[in-house]
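A closer look at the structure
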Amino acid sequence: MKNLRGIFAFLHPFISPFLRNVLIVIVLLGLTEIFLVIRIPFVNADLINALVNSHWDIFKHLAIIVLMLFAGQLLVGFCNKYLFVLFNENLEKNIRNSIFSYLLSQSVRFTEKHSTGDILSRLLNDTPKIKGFITGVVVQFCFDVLAIIIAFSILIHRSWVLSLIVFAFAPLAVFAGSFFKAKISTSTREQQEKAAFFTGKAQTWLSRFTGIKIYGLETVSYKQFEGDSQQYAHAAISAGKWNILMGAINVLFLGAPSILVLIVGGYYCLQGVLSIGELFAFLTFSTYFIAPLQRIIALINVE
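Positions within a chain are numbered from 1, following the residues in the order the chain's sequence is written. Local features in this predicted model are restricted to residues whose pLDDT is 70 or higher, and side-chain atom pairs enter the listing and the counts only when it is 80 or higher, whereas totals over whole chains, interfaces and linings include all residues. Heavy atoms from the whole structure form the basis of all side-chain values; hydrogens and water molecules are not counted.

1. Here's the deal with the overall build of the chain
Here a strand is any run of E in DSSP of at least two residues, a helix any run of H or I of at least four, and the numbering for each starts at the N terminus. Regarding its fold elements, the chain presents 11 helices and zero strands. Put simply, the chain runs from its N terminus to its C terminus through helices and strands in the order α-α-α-α-α-α-α-α-α-α-α. Only heavy atoms enter the contact rule, under which two residues are in contact if any of them lie within 4.5 Å. For the chain, contacts bridging at least 24 residues in sequence account for 85% of all contacts bridging at least 6. Where accessible areas are quoted, they stem from the Shrake-Rupley method and a 1.4 Å probe; at the residue level, only the protein chains shown are allowed to cover. In the form shown here, the chain has an accessible surface area of approximately 17900 Å², with 70% of it arising from carbon and sulfur atoms.

2. Topic: the confidence of the model for the chain
Confidence scores labelled pLDDT are given residue by residue by the predictor and lie between 0 and 100. Here the chain shows a mean pLDDT of 81. Residues at 70 or above account for 84%. Mean pLDDT across the elements of the chain bottoms out in helix H1 (residues 2-11) (64) and peaks in helix H2 (residues 17-52) (92).

3. What about H2?
Expected helix span is computed as 1.5 Å times (number of residues minus one). Here H2 is 36 residues long and its end C-alpha atoms lie 53 Å apart, about the 52 Å a rise of 1.5 Å per residue gives. Looking one or two residues past H2, Ser 54 carries a phi angle of roughly 60°, positive in sign.

4. Details of the nonpolar core
The definition of a nonpolar core used throughout is a set of buried Ala, Val, Leu, Ile, Met, Phe, Trp, Tyr and Cys residues joined through side-chain atoms within 4.5 Å. Categorising residues by exposure relies on relative accessible area from a 1.4 Å probe, with only protein chains included: less than 20% of the type maximum marks a residue as buried, more than 50% marks it as exposed, and the intermediate range marks it as partly exposed. Judged by nonpolar contacts, the single largest core of 47 residues is most densely connected at Phe 87, Leu 91, Val 166 and Phe 289. The leading source of residues in this core is H2, at 12 residues. Within the second largest apolar cluster, six residues are counted, among which are Ala 176, Ile 184, Trp 242 and Met 246.

5. What to know about the packing of H2 against helix H3 (residues 56-104)
In this description, a line fitted to the C-alpha atoms serves as the axis of each element, helices being fitted only across the stretch in contact, and the angle between N-to-C directions of two axes falls anywhere from 0 to 180 degrees. Interhelical geometry of H2 versus H3 gives an angle of 160° and a closest axis separation of 8 Å. Considering the angle they form, H2 stands roughly antiparallel to H3. The handedness of the crossing between H2 and H3 is left-handed. Three classes are used, and their members are as follows: Ala, Val, Leu, Ile, Met, Phe, Trp, Tyr, Cys and Pro are nonpolar, Asp, Glu, Lys and Arg are charged, and the others, Gly among them, are polar. Of the residues that constitute the contact of H2 with H3, the class distribution is 30 nonpolar, nine polar and three charged. Orientation labels follow simple angle bins: below 35 degrees gives roughly parallel, above 145 gives roughly antiparallel, 65 to 115 gives roughly perpendicular, and whatever is left gives oblique. Throughout, a crossing is termed right-handed when the near helix is turned clockwise from the far one, and left-handed when it is turned anticlockwise from it by less than a right angle.

6. Considering the packing of aromatic side chains
Two aromatic rings, drawn from Phe, Tyr or Trp (for Trp, its six-membered ring), form a pair once their centres lie within 6.5 Å of each other, and the interplanar angle then sorts them: stacked below 30 degrees, edge-to-face above 60, tilted otherwise. The tally for this structure, following the rule as stated, stands at six aromatic pairs. Taken together, a centroid distance of 6.0 Å and an interplanar angle of 80° make the contact between Trp 56 and Phe 59 edge-to-face. Here Phe 59 and Trp 56 lie together in helix H3, a separation of three residues that amounts to about one turn. Assessed through its relative accessible area of 48%, Trp 56 is described here as partly exposed. Look at Phe 59 and you get partly exposed, because its relative accessible area is 22%. By way of ring pairs, the aromatic residues Phe 42, Phe 285 and Tyr 288 are connected into one cluster.

7. Overview of a nonpolar patch on the surface
Think of a patch as exposed residues, more than 30% relative accessible area, with no salt bridge, where like charges cluster within 9 Å and nonpolar side chains (Val, Leu, Ile, Met, Phe, Trp, Tyr) cluster within 5 Å. Whenever Lys or Arg places a side-chain nitrogen within 4 Å of a carboxyl oxygen from Asp or Glu, that contact is recorded as a salt bridge. A cluster of nonpolar side chains, Ile 24, Val 27, Leu 28, Leu 31 and Leu 146, forms an exposed patch at the surface whose accessible area comes to about 400 Å². Looking at the nonpolar patch element by element, the count peaks at four residues for H2. Turning to its location among the elements, Leu 28 is positioned in helix H2. On the basis of relative accessibility, which here comes to 52%, the residue Leu 28 falls in the exposed class.

8. Section: the layout of surface pockets
Size it by volume and the second largest pocket reaches roughly 440 Å³. Of all the secondary structure elements, the ones that give two or more residues to the lining of the second largest pocket are H2, H3, helix H6 (133-158) and helix H11 (276-300). Of the residues in the lining of the second largest pocket, the class split is nine nonpolar, five polar and four charged. Put plainly, a pocket is an open set of points on a 1 Å grid over the protein atoms alone with protein on both sides within 12 Å along at least five of seven lines, a cavity is a set where a 1.4 Å probe fits but cannot get out, and a lining residue has an atom within 4 Å of a point. Grid points are joined across faces, edges and corners, and a volume is the space filled by probe spheres set on the points.

9. Thoughts on unusual backbone geometry
The backbone of Ser 54 sits at a positive phi, close to 60°, despite the residue not being glycine. Within the fold, Ser 54 resides in the loop between H2 and H3. On the accessibility criterion, Ser 54 (43% relative accessible area) is partly exposed.

10. A few points about the pattern of salt bridges
In this structure the tally under the stated criterion is two salt bridges. For Lys 60, the salt bridge is made with Asp 57, and the minimal N-O distance between the two is 3.9 Å. Within this pair, Lys 60 and its partner Asp 57 are both found in helix H3, separated by three residues, close to a single helical turn. The partner of Glu 92 in a salt bridge is Arg 96, and the shortest N-O contact between them spans 3.2 Å. Placement of both Glu 92 and Arg 96 in helix H3 is noted, with a separation of four residues, approximately one turn of the helix. Here Arg 96 falls in the partly exposed class, since its relative accessible area comes to 28%.

11. Quick notes on the environment of Phe 152
Turning to its location among the elements, Phe 152 is positioned in helix H6. For the pair Phe 152 and Phe 285, spaced 133 residues apart in sequence, the C-alpha to C-alpha distance is 8.5 Å. The contacts of Phe 152, once residues within four sequence positions are left out, are Phe 167 and Phe 289.

Encoded structure:
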């Protein structure tokens, strides 16, 4: 988390007044989307109960409301995602322009000490990786925490027994994330280092294309490129393996509650304790609790 605070401090000077206003609108639209998403399961529960009990007038009325809520969610979601792209691309542009201005202010000795390929790699490949930090990490983290709090309150209110089933698996997912944290961090860092080195070397060779032809270095350059490419592929496969394994464990620990809730909740429905609509709404809200929790666990496991 210390690294995340450092990235935020780095990005802050590049956020212009225009981007601050865009960020405010993103937050407002995000809160509106959360409200719409929370309302839909409640209406769906009444809709299903009306269908089961053959209350057709109520069913038609609720169907219209569901369609309106769904259309509103689509519209708000589209606007929010567009503003995400607008914010991220303008932020990257500001960072890229600032870096290039800094490079132009350096002396000739600076370009002699650093290869052109490495400079271009940092300028063109590294800046896109941090542009989504504000929207993809900070804003999304706040939305996820809010969604978990709301879902937690609703689940407890609906059925504390079924809620315990959902909540019981959360510590297991957190423990698994902590267990694999070192492996994921090490493999990801190695992949990033290999990617930067591999890209920089490739651009350096191509920027000296005339020299390669004059001195007949095609075979030497290809052999080096092939070796660097192989090392990068191994690092990428290793990082992918640990991330896939972590994802599978998250699905196991955070997806299993849905099956148990369906079994126990189905029993309650047969006993008349829950209606089918209420069980459907509970399953929906359990996903509203689990999905944000998965993203937060993944964020915590990033160094």
